Amino acid sequence: MTQAPTPTAETVRRLVRTLLPDQGGPEVTPAAEGPGHSAWWVGTRHVLRLATDRDASARQRRELRVRALVRPHTGVAVPTSVAHGEWAAGLGYTLDTRLPGTTGEAPDVSALGEADLATLLTGLREVPVRQAESLGVPRVAPRSLEALRAAAATAADRLAEDDEFDPARLAQLTAPAGRQLVPQPGAAVLVHHNLSGDHLVVSGEGRVRGVLGWAEAVVGDPAEDIASLAVAVGAPAAVRAATLAGYGARPCLRGLWLARCDTLTRLADGLQGRDRTSPPVLRARLRRAWEAILLERITELPDDDAP
């Protein structure tokens, strides 16, 4: 099997000179790198994203289609590709506009920023599901909260040995409560599926000005996006945004427990070297997901709760 080429600064500069011939060769600097992709800042106005394997290239092509589909609905900015193609045989690139604002772990989102997130969640519910699937967006079944709770209980016991977490806190998620939080039929929507701080573009005033990272979008459980936001901005802010978007108790609580179970298992894995994210970051994410919310006091959920 032929090894895929590795993009270098010179590779990027040559490509940028062909894409932006009137800008005199803007400065290029590495932005991010990970499995399947390499991203570079191009001057102050663009970001160049290079796929480094064929699977990533396919996801990138689908992402461009998804961004075009969601742009009229999101209410917040979505990057626009000013050029796209192949930078090497079978390996794609896209040169995107750079959205004003910053990204990063634990963004400081204001009350108006929470309203922006609500607008985003509302818009995702309005995207035609069949149209998304026709673009190649996969449909994903809801995860089993029972299975997640079992894995989280094992992780909580491991964390208790290091005084990292009190397993008694997980007792709030009882088996009957988990059964109540199964998604209602017909609840599937377009889900961003990775609303992390790295994908939320936030202004200095705490407004959410854009959303990046649409390559992992799926048709599925809207609670997954609520869960991502609980990890990124804290459980109370995530639930407030979801409630403003019209979601009821069931999806909000389900998203809360998805986030809590995930952060427990990831921290346990991280402390044993099985997660590449640093333990301090994993601890902070767990703290945000486990922030208390008043909605947890609800013991009975109506059958006609919002999707």
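Refer to the structure presented above.
This structure is a prediction, so every number in the text was calculated from the model and none was measured.

1. With respect to helix α7 (residues 223-233)
- Counting buried positions along α7 yields 11 of 11 residues, so the element is predominantly enclosed.
- Buried residues belonging to α7 abut α3 (111-126), β6 (189-191), β7 (200-202), α8 (235-244), α9 (249-271) and α10 (279-289).
- Of the residues one or two after α7, G234 is the one with positive phi, at around 100°.

2. A closer look at the pairing of strand β1 (residues 28-34)
- Bridge count for β1 against strand β2 (residues 37-42) is 6 bridges, and the pairing is antiparallel. Within β2, the position partnered with P30 by the bridge is W40.
- Hairpin geometry of β1 and β2 is characterised by an intervening segment of 2 residues between the two adjacent antiparallel strands and by a positive phi of about 85° at G36.

3. Considering unusual backbone geometry
- In this structure, A106 takes a positive phi of about 55° despite not being glycine.
- Following the sequence through the fold, A106 ends up in the loop between β5 (91-97) and α3.
- A residue is classified by how much of its surface remains accessible, and A106, at 38% relative accessible area, is partly exposed.
- In this structure, D163 takes a positive phi of about 55° despite not being glycine.

4. Side note on the sheet that holds β5
- The strand order across the open sheet formed by 5 strands is β1-β2-β3-β5-β4, and the pairing between neighbours is antiparallel. Edge positions in the open sheet fall to β1 and β4 (81-88), since each of these has one partner strand only. Averaged over all neighbouring strand pairs, the angle between strand axes comes to 20°, with direction disregarded.
- Judged from the 6 bridges that link them, β2 and strand β3 (residues 46-51) form a sheet pairing that is antiparallel. Paired with S38 across the bridge in β3 is L50.
- Where helix α1 (residues 9-19) meets the sheet, its contacts fall on β1, β2, β3, β4 and β5, and the angle it forms with β3 comes to roughly 120°.
- Packed onto the sheet, helix α2 (residues 54-74) meets β3, β4 and β5 and runs at close to 35° relative to β5.

5. Examining the packing of aromatic side chains
- Summed over all chains, the structure comprises 2 aromatic pairs.
- Aromatic side chains F165 and W290 sit 5.0 Å apart centroid to centroid with 65° between the ring planes, which places their arrangement in the edge-to-face category. Of this pair, F165 sits in the loop between α5 (145-161) and α6 (175-180) while W290 sits in the segment after α10, and the two are 125 residues apart along the sequence.
- Aromatic pair W257 and W290: ring centres 5.5 Å apart, planes at 90°, arrangement edge-to-face. Of this pair, W257 sits in helix α9 while W290 sits in the segment after α10; the two residues are 33 residues apart in sequence, bridging distant segments of the chain. W290 carries the same exposure label as W257, and that label is buried.
- Following the ring pairs from residue to residue traces out a cluster consisting of F165, W257 and W290.
- A cation over an aromatic ring shows up here: R98 above the ring of W41, its NZ or CZ 3.7 Å from the ring centre.
- Between the NZ or CZ atom of R260 and the centre of the ring of W290, over which it lies, the distance is 4.7 Å.

6. Notes on a negative patch on the surface
- Negative charge collects at one region of the surface, where D157, E161, D162 and D163 lie side by side.
- Of note, E161 is situated in helix α5.
- Owing to a relative accessible area of 66%, E161 belongs among the exposed residues under this scheme.

7. Focus: α9
- In this model, α9 (23 residues) spans 33 Å end to end at C-alpha, consistent with the 33 Å of a helix rising 1.5 Å per residue.
- Extensive coverage of α9 is indicated by the burial of 18 of its 23 residues.
- Looking one or two residues beyond α9, the residue adopting positive phi is G273, at roughly 80°.

8. As for the pairing of β5
- Burial of β5 is extensive: 6 of the 7 residues sit out of reach of the surface.
- Bridge analysis of β3 against β5 gives 5 bridges, and the strand direction is antiparallel. Looking across to β5, one finds that L48 is bridged to L95.
- Alignment of β4 against β5, held across 6 bridges, turns out to be antiparallel. Within the sheet, the bridge partner assigned to S81 lies in β5 and is D96.
- The turn linking β4 back onto β5 is made up of 2 residues, and G90 within it adopts a positive phi angle of 80°.

9. Concerning the environment of A106
- Along the chain, A106 and S196 lie 90 residues apart, while their C-alpha atoms are 8.4 Å from each other.
- If sequence neighbours within four positions are ignored, A106 has contacts with A232 and R288.

Here is what the cut-offs are and how they apply
Residues numbered from 1 in each chain as written. Predicted model: local features only at pLDDT ≥ 70, side-chain atom pairs only at ≥ 80, totals over all residues. Heavy atoms only, no water. Buried < 20%, exposed > 50% of the residue type's maximum accessible area, 1.4 Å probe, protein only. Helix = DSSP H or I, 4+ residues; strand = E, 2+ residues; numbered from the N terminus. Contact = heavy atoms within 4.5 Å. Pairing = 2+ DSSP bridges. Axes fitted to C-alpha atoms, helices over the stretch in contact; angles between N-to-C directions. Phe/Tyr/Trp six-rings, centres within 6.5 Å; stacked < 30°, edge-to-face > 60°. Lys NZ or Arg CZ within 6 Å of the ring centre and 35° of its normal. Patch = residues over 30% accessible without salt bridge, like charges linked within 9 Å, V, L, I, M, F, W, Y side chains within 5 Å. Areas by Shrake-Rupley, 256 points an atom, 1.4 Å probe, with all protein chains shown as cover. Salt bridge = Lys/Arg side-chain N within 4 Å of Asp/Glu carboxyl O. Lys, Arg positive; Asp, Glu negative; His and termini not counted. Charge placed at Lys NZ, Arg CZ, Asp CG, Glu CD. Expected span 1.5 Å × (residues − 1).

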